[in-house]
Amino acid sequence: ERLSEAILAELGALLRTPALGAADRYRALALRFELVVEFPATSPEERRRAASRMREAARELGSTWAELDAENSEAVAESDAGNFAEAVARFDAVAARAGARKLGTLSREATLNAATTCLRAGRAAEAAARTAALAETARAASPRAASCSPRRERISARRSSASVAV
């Protein structure tokens, strides 16, 4: 926790630097948000402010990816505040917009965050369904992942090769 506090202090000093470029400002605020979320004592309002500042920097940068990433962070802040329905709706919106822009990793991250939020809200069946669909999407996104056999098939193959070696 001391290290995180020291890093937050350094980021604060960096963010007060007038010559800081838009990209570096966004990166610093994104890192600040990640650290703020890690502090259990951080209030929901502080997390919202950190995400909001991140989004402002993303707009200044003019990066679609950064804006969607910041919106994902805003949804994280809402989930952490216990506003599960709002958070899931926001995660779903980010996932859809990121997917439409071919930002697959960000789309999958938002989808996973929505599933996690469903679990936190006590909606285990929905969380499981979302996670299963996400696994299929991830497999489809990667030719290497698509060629990988499920774990049980790999285990069976190991057993077969072990019995041949004996």
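Residues numbered from 1 in each chain as written. Predicted model: local features only at pLDDT ≥ 70, side-chain atom pairs only at ≥ 80, totals over all residues. Heavy atoms only, no water.

For helix α2 (residues 22–38), which comprises 17 residues, the first-to-last C-alpha distance of 25 Å matches the rise-based estimate of 24 Å (1.5 Å per residue) to within 8%. Regarding α2, the residues found buried are Tyr26, Ala28, Leu29, Ala30, Arg32, Phe33, Leu35 and Val36. (Helix = DSSP H or I, 4+ residues; strand = E, 2+ residues; numbered from the N terminus. Expected span 1.5 Å × (residues − 1). Buried < 20%, exposed > 50% of the residue type's maximum accessible area, 1.4 Å probe, protein only.)

Another aspect to go through is the packing of aromatic side chains. Using the criterion set out here, one finds one aromatic pair in the structure. Judged by centre distance (6.5 Å) and plane angle (80 degrees), the ring pair of Tyr26 and Trp65 falls under edge-to-face. Taken together, the residues span a long stretch of sequence, with Tyr26 in helix α2 and Trp65 in helix α4 (residues 64–80) at a distance of 39 residues. Using a relative accessible area of 5% as the deciding quantity, one classes Tyr26 as buried. Given the relative accessible area of 40%, Trp65 is considered partly exposed. (Phe/Tyr/Trp six-rings, centres within 6.5 Å; stacked < 30°, edge-to-face > 60°.)

The next point concerns the pattern of salt bridges. In total, this model carries 17 salt bridges according to the counting rule given. Glu60 is paired through a salt bridge with Arg25; the nearest N and O atoms lie 3.7 Å apart. Here Arg25 lies in helix α2 and Glu60 lies in helix α3 (residues 44–61), a separation of 35 residues in the sequence. With a closest N to O distance of 3.2 Å, Arg120 and Asp80 form a salt bridge. One end of the pair, Arg120, is in helix α6 (residues 104–120); the other, Asp80, is in helix α4, and 40 residues separate them in sequence. In this structure Arg120 comes out as partly exposed when scored by relative accessible area, which is 42%. Shared partners join several salt bridges into a network, and the residues in it are Arg55, Glu71, Glu74, Glu86, Arg90 and Arg97. (Salt bridge = Lys/Arg side-chain N within 4 Å of Asp/Glu carboxyl O.)

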